[in-house]
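Here is what each chain is made of, one letter per residue.
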Amino acid sequence: MKRRKDTTPYARLTEPLVRDSGVLRPATWEEALDRAAAGFRRTLETKGPEAFGMFSCARATNEMNFVAQKFTRAVMGTNNVDSCNRTCHAPSVAGLARVFDSGGGTSSYAEIEDADVIVIWGGNPREAHPIFFQHVLKAVHKGAKLFVVDPRQTSTAKWAHRQLQLEVGTDIPLANAIAREIIHSGLANTTFIERATEGYEEFAASVEPWTLEVAEQVTKVPAELIKELAHTYARADRGQMSWTLGITEHHNGTDNVLSLINLSLLAGQVGRYGAGLNPLRGQNNVQGGGDMGAIPDRMPGFQDILDPAVRAKFDAVWGSHIPPHKGKNLTQMLEAMEDGLITCVYVIGENPVQSEADCEHTIKRLSNIEHLVVQDIFLTKTAQLADVVLPASAAWCESDGTFTNSERRVQRVRKAVNPPGGARDDIELLCELARRLGHDWHYSGDDGREVWDELRSLSPIHAGMSYERLEELGGIQWPCYSEDALEPSFLHARLWAEDPAERGRPAPFTVLRHSPPVDVLDDEFPLRLTTGRRLDSYNTGVQSGGFPSPRRRGETLDLCSADAALLGVVEDEMVQVSSRRGAIVAPVRIDEGLRPGLAFMTFHFPDEVDVNVITIEATDPVAGTAEYKAAAIRVDKLPSGGPAGPAPRLGSGARPRKTQLDAVAG
Ligand SMILES: Nc1nc2c(c(=O)[nH]1)N[C@H]1C(S)=C(S)[C@@H](COP(=O)(O)OP(=O)(O)OC[C@H]3O[C@@H](n4cnc5c(=O)[nH]c(N)nc54)[C@H](O)[C@@H]3O)O[C@H]1N2
Ligand SMILES: Nc1nc2c(c(=O)[nH]1)N[C@H]1C(S)=C(S)[C@@H](COP(=O)(O)OP(=O)(O)OC[C@H]3O[C@@H](n4cnc5c(=O)[nH]c(N)nc54)[C@H](O)[C@@H]3O)O[C@H]1N2
Ligand SMILES: [Mo]
């Protein structure tokens, strides 16, 4: 993965690597697969199944994720399987599932175009979800009102009718004030509340202190804007509420999600065509990865792992003994590595060394385990810590299968090219390892059909989606129970039914309290840092870093000019950015879209500036997602001789198992 010139892509991995005397060296496939399997077997024999953990890949197909979770459950005998969903939308799934029994976004993209009010809360789809944003723009051009709730004036907000530029971490006060305003103006949808919800009285009492004036003080959003959003959303025929990481990447992300769900229940903006709740998922197939059961608490098709009948159904087909308890999520697996409880990890297409908050901590944890297998398309910083590295195909163009998008639509993907050199399909590699561990698996990565049909036979919500039908209809949204019917494009129509039996379980309101960010501002760390994305780069930069973009400028510390003046720094000047966890050095960029006291960085260039050295690992107790969106920092001018204060950790700190990269990738 050595970067030769700015414009040279990271070299794709083409041969397996194994670690000998502390160094990764090329190996044959036989040797590498034997080594990987021997470590898994040793773990099972000496420590038992619960010492194993799987990180599955949200960029790979549904079929690959199905096989990866089956490997975890049926071969290794544990439910310790998860993916990067934990770092982004686990709170969305947890919140939606708690209220509606299903973690999916409720509406289709066609309904976004037909909405008359769209609220985008804590998301920047102009840059991070450009396809979805095209649908939003179509609605705006038809006259829909767009509200954007974000602490920064983003490129998305430039298209908004109104922007609510709140203080980071004040989403619950804002939502509660909107709720109070809806109630006090007589705009609550009493028919829906009486029919389909529970806990209204208690909820209404709980938001009573959040007057427009109190909320303005806490959130810094002018009272009249709060009022306008409340009235417009509640009066809309078709109101859409959409959110992303500005809501979920907080220590109370699930509560934040529930605060938005409360608003939809209050206004009756769910369960109808055009009205809905839509978290925009992260990677191309993070929705599908979860749907396929690559999460610790659900079997494929969102079936409850605690239900004995569900487990029995899978055990009968797989000949397995699925443990009758939830597995550990990604956050818990990392903690268990530190405690010596998980000693063997199989990472498929994730780069936790650079994506986890407080990443020096993650490096320590992954370095301490006994057996680490990484299957990726590049030699990432995570792969560099591995005992065995398996070069894989890139799912989006080198495998056949399906992906599922944020509107729950399953679509076919096609193999267009062969993987480079000796790289092999993810599914085939899983089968090779399963066979070495005594399971005669022969799924093919060249045609995912066999895997898909097994999934369809076990997951009712996918049952009606044959490959032929997916092809014919250009994709199908779940649920799709039978091959000769399609369900409505939106979820939860039952809530509007007149017959109580048909309505089913009422949707509960949730009483929520304001809980400010964990990393407090003080004299030493007086600035709020929030982190996020830009259009031209992708996550930890592994897949986008090696390619040129005319828009890309590298990592910067963004500040408004007032803050820059206070600090005595100018555009492009190198500064030291410190938090309670570490320090990094980056150039200043002036962005007048930031309010005073707020700084912004991406995490796209960790090889140069590793922002996750300074983020905080405070996590949501329900979903395990970290508070990437709120750190307390200090910015110091660099003395002409070098960095101020303690030596900065530039993200490539002590690596106990540092690889001699030149030997393998030179
Ligand atoms: N170009 C590009 N696209 C991507 C990605 C990428 O790396 N590059 N990554 C993909 C992935 S994995 C994901 S999960 C999605 C993420 O998509 P988004 O969530 O849209 O992206 P972010 O930029 O992380 O965060 C969104 C916004 O949250 C705001 N925010 C910060 N703190 C708060 C707060 O306290 N309250 C509120 N209301 N807002 C706040 C930020 O200012 C930011 O504009 O994007 C996906 N798409
Ligand atoms: N500071 C800060 N940190 C963040 C966030 C933030 O907003 N701020 N956001 C968080 C979020 S939302 C996310 S999702 C995470 C992302 O965290 P990660 O998922 O760890 O990061 P990526 O860079 O997306 O890494 C994806 C890996 O998958 C590999 N890959 C791609 N396709 C395939 C395939 O088909 N097969 C295999 N085997 N491998 C493949 C790529 O080479 C790459 O190494 O980062 C989190 N970290
Ligand atoms: Mo994500």
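Residues numbered from 1 in each chain as written. Chains lettered and ligands numbered in written order. Predicted model: local features only at pLDDT ≥ 70, side-chain atom pairs only at ≥ 80, totals over all residues. Heavy atoms only, no water.

Focus on the domain arrangement of the protein
Threshold: All domain edges in this entry derive from an automatic or database-based domain assignment. Any two residues whose heavy atoms approach within 4.5 Å at even a single point are treated as in contact. Summed over both partners, the accessible area (1.4 Å probe) lost when two parts come together is defined as the buried area. Within this document, salt bridges are pairs made up of a side-chain nitrogen of Lys or Arg and a carboxyl oxygen of Asp or Glu, the two lying within 4 Å of each other. Each polar contact in these results corresponds to two N or O atoms within 3.5 Å; when the atoms are within protein, one needs to be able to donate a hydrogen and the other to accept it, and residues that are neighboring in sequence are counted only if both atoms are side-chain atoms. In this classification, Asp, Glu, Lys and Arg are treated as charged, Ala, Val, Leu, Ile, Met, Phe, Trp, Tyr, Cys and Pro as nonpolar, and every other residue, Gly included, as polar.
Domain boundaries assigned for the protein yield domain 1 (17-86 + 284-397 + 420-461) and domain 2 (90-280). Spacing between the C-alpha centres of domain 1 and domain 2 amounts to 36 Å. In this assembly, four residues from domain 1 lie in contact with six residues from domain 2. Between domain 1 and domain 2 lies a buried interface of about 340 Å² when both sides are counted; carbon and sulfur atoms form 59% of it. For domain 1, the biggest contributors to the area lost against domain 2 are Asn 85, Arg 86 and Phe 302; these three give 77% of the whole. Scanning the region where domain 1 abuts domain 2 turns up zero salt bridges. At the junction of domain 1 with domain 2, the criterion picks out one residue pair in polar contact (both at pLDDT 80 or more). Its residues assigned to classes, the side of domain 1 that touches domain 2 comprises one nonpolar, one polar and two charged.

Re the packing of helix α1 (residues 29-46) against helix α20 (residues 426-436)
What counts, and what does not: Lines fitted to C-alpha atoms define the axes here, with helix axes fitted over just the stretch in contact, and angles between the N-to-C directions of these axes take values from 0 to 180 degrees. For the purposes of this entry, the term helix denotes a DSSP run of H or I that reaches at least four residues, the term strand denotes a run of E that reaches at least two, and both are numbered from the N terminus. Note that the term roughly parallel is reserved for angles under 35 degrees, roughly antiparallel for angles over 145, roughly perpendicular for angles of 65 to 115, and oblique for everything else. Put simply, a crossing is left-handed when the front helix is turned counterclockwise from the back one by less than a right angle, and right-handed when it is turned clockwise.
The interhelical angle for the contact between α1 and α20, taken along N-to-C directions, is 60°, at an axis separation of 9 Å. Relative to α20, α1 is oriented oblique. The chirality of how α1 crosses α20 is right-handed. Contact residues: Trp 29, Glu 30, Leu 33, Asp 34, Ala 36, Ala 37, Phe 40 and Arg 41 in α1; Leu 429, Glu 432, Leu 433 and Arg 436 in α20. Residue composition of the contact of α1 with α20, grouped by class: seven nonpolar, no polar and five charged.

Some thoughts on the site of ligand 2
Definition in use: Here, proximity means that at least one heavy atom of the residue falls within 4 Å of the molecule or strand. Methods summary: accessible areas were calculated by the Shrake-Rupley approach with a probe of 1.4 Å, and residue burial reflects only the protein chains presented.
Surrounding ligand 2, one finds 36 residues, the nearest of these being Gln 283, Asn 351, Asp 376, Ala 395 and Thr 540. For ligand 2, an oxygen atom lies 2.7 Å from a polar atom in the backbone of Asn 351. Within the contact set of ligand 2, a nitrogen atom lies 3.1 Å away from a side-chain nitrogen or oxygen of Arg 533. Isolated, ligand 2 exposes 920 Å² of accessible area, and the fraction of that covered by the protein chains is 99%.

Digging into the site of ligand 1
Around ligand 1, a shell composed of 33 residues is seen, among which Ala 128, Asp 150, Arg 533, Ser 537 and Asn 539 lie nearest. At 2.7 Å, a backbone N or O of Asn 539 approaches an oxygen atom of ligand 1. Notes on ligand 1: free accessible area 930 Å², of which the protein chains cover 97%. If you list the elements that add at least two residues to the shell around ligand 1, you get α5 (125-128), α12 (245-248) and β20 (527-532).

Examining the UniProt feature "domain: Molybdopterin oxidoreductase" (unreviewed entry) in the protein
The condition is simple: UniProt positions are given in the numbering used here, feature names are shortened, and annotations may be inferred rather than shown by experiment.
When the UniProt feature table is mapped onto this chain, "domain: Molybdopterin oxidoreductase" (unreviewed entry) is found at residues 12-435. For residues 12-435, the end-to-end C-alpha separation is 27 Å, with 44% helix and 16% strand making up the annotated structure.

Here's the deal with the environment of Pro 420
Selection rule: Working definition: with a 1.4 Å probe on protein chains only, accessible area under 20% of the residue-type maximum means buried, over 50% means exposed, and in between means partly exposed.
The residue Pro 420 is located in the loop between β17 (409-413) and α20 in this model. Relative accessible area serves as the criterion here: at 26%, Pro 420 is assigned to the partly exposed category. Every residue in contact with Pro 420, bar those within four places of it in the chain, is listed here: Arg 12, Thr 14 and Glu 398.

Observations concerning the packing of aromatic side chains
To keep things clear, this is the line we draw: Any pair of Phe, Tyr and Trp rings, taking the six-membered ring for Trp, is counted once the centres come within 6.5 Å. Such a pair is stacked with planes under 30 degrees apart, edge-to-face with planes over 60 apart, and tilted for the rest. Two conditions define a charge sitting above a ring: the NZ of Lys or the CZ of Arg must be within 6 Å of the ring centre, and it must be within 35 degrees of the ring normal.
One pass over the structure, following the stated rule, counts 13 aromatic pairs. Among the aromatic side chains, those forming a connected cluster through ring pairs are Phe 40, Phe 52, Phe 71 and Tyr 346. Directly above the aromatic system of Phe 600 lies the positively charged group of Arg 152, at a separation of 3.7 Å from the ring centroid. Lying over the aromatic face of Trp 29, Arg 424 brings its terminal NZ or CZ to 5.2 Å of the ring centre.

Regarding the sheet that holds strand β10 (residues 276-279)
This is how the line gets drawn: At least two bridges found by DSSP between two strands is the condition for calling them paired.
Read from one edge to the other, the open sheet built from five strands follows the order β7-β6-β5-β9-β10, with strand pairing classed as parallel. Of all strands in the sheet, those bounded by a partner on one side alone are β7 (162-164) and β10. In this sheet, neighbouring strand axes are inclined to one another by 15° on average, regardless of whether the strands run parallel or antiparallel. As judged from the four bridges shared by strand β9 (residues 239-243) and β10, these two strands associate in the parallel manner. Bridged to Met 241 within β10 is Leu 277. Here helix α3 (residues 90-100) sits on the sheet in contact with β9 and β10, set at roughly 155° to β10. This element, helix α13 (residues 253-267), spans β5 (117-121), β9 and β10 of the sheet and lies at about 180° to β9.

Describing the pairing of strand β3 (residues 52-55)
By the alternation rule, side chains of β3 split into Phe 52 and Met 54 and Gly 53 and Phe 55, which are all buried. Two elements, β3 and strand β13 (residues 344-348), share four bridges in a ladder whose sense is parallel. Counterpart to Met 54 in the pairing with β13 is Tyr 346. Strand direction decides the pairing type here: β3 and strand β4 (residues 81-82), joined by two bridges, are parallel. Residue pairing in the sheet places Phe 55 in a bridge with Asp 82 of β4.

Description of the UniProt feature "domain: Molybdopterin dinucleotide-binding" (unreviewed entry) in the protein
Here the UniProt-annotated "domain: Molybdopterin dinucleotide-binding" (unreviewed entry) positions come out as residues 527-631. Between the C-alpha atoms that bound residues 527-631 there is a distance of 8 Å. The span itself is 7% helix and 27% strand.

Some remarks on the nonpolar core
Just so we agree on the cut-off: To qualify as a nonpolar core, a set must consist of buried Ala, Val, Leu, Ile, Met, Phe, Trp, Tyr and Cys residues joined through side-chain atoms within 4.5 Å.
Counting residues in hydrophobic clusters, the biggest one holds 60 residues, and the most contacted among them are Phe 40, Phe 71 and Tyr 346. Tallying contributions element by element places helix α2 (residues 62-75) first for this core, with seven residues. Among residues more than four places away in sequence, those in contact with Phe 40 are Phe 52, Phe 71, Met 76, Cys 344, Tyr 346, His 371, Val 373, Leu 433 and Leu 437. Formed by 55 residues, the second largest nonpolar core is a distinct cluster that contains Trp 210, Ala 230, Leu 277 and Phe 509.

Let's talk about the confidence of the model for the protein
Quick reminder of the rule: pLDDT is a residue-level measure of predictor confidence that goes from 0 to 100.
The predicted model of the protein averages 93 in pLDDT, with 95% of residues at 70 or higher. Long-range and interchain partners of residues 1-9, a stretch whose pLDDT sits below 50, account for 24 contacts in this model, where long-range means more than four residues apart. Of the regions scoring below 50 in pLDDT, residues 646-666 engages in 52 contacts with residues more than four places distant in sequence or in other chains.

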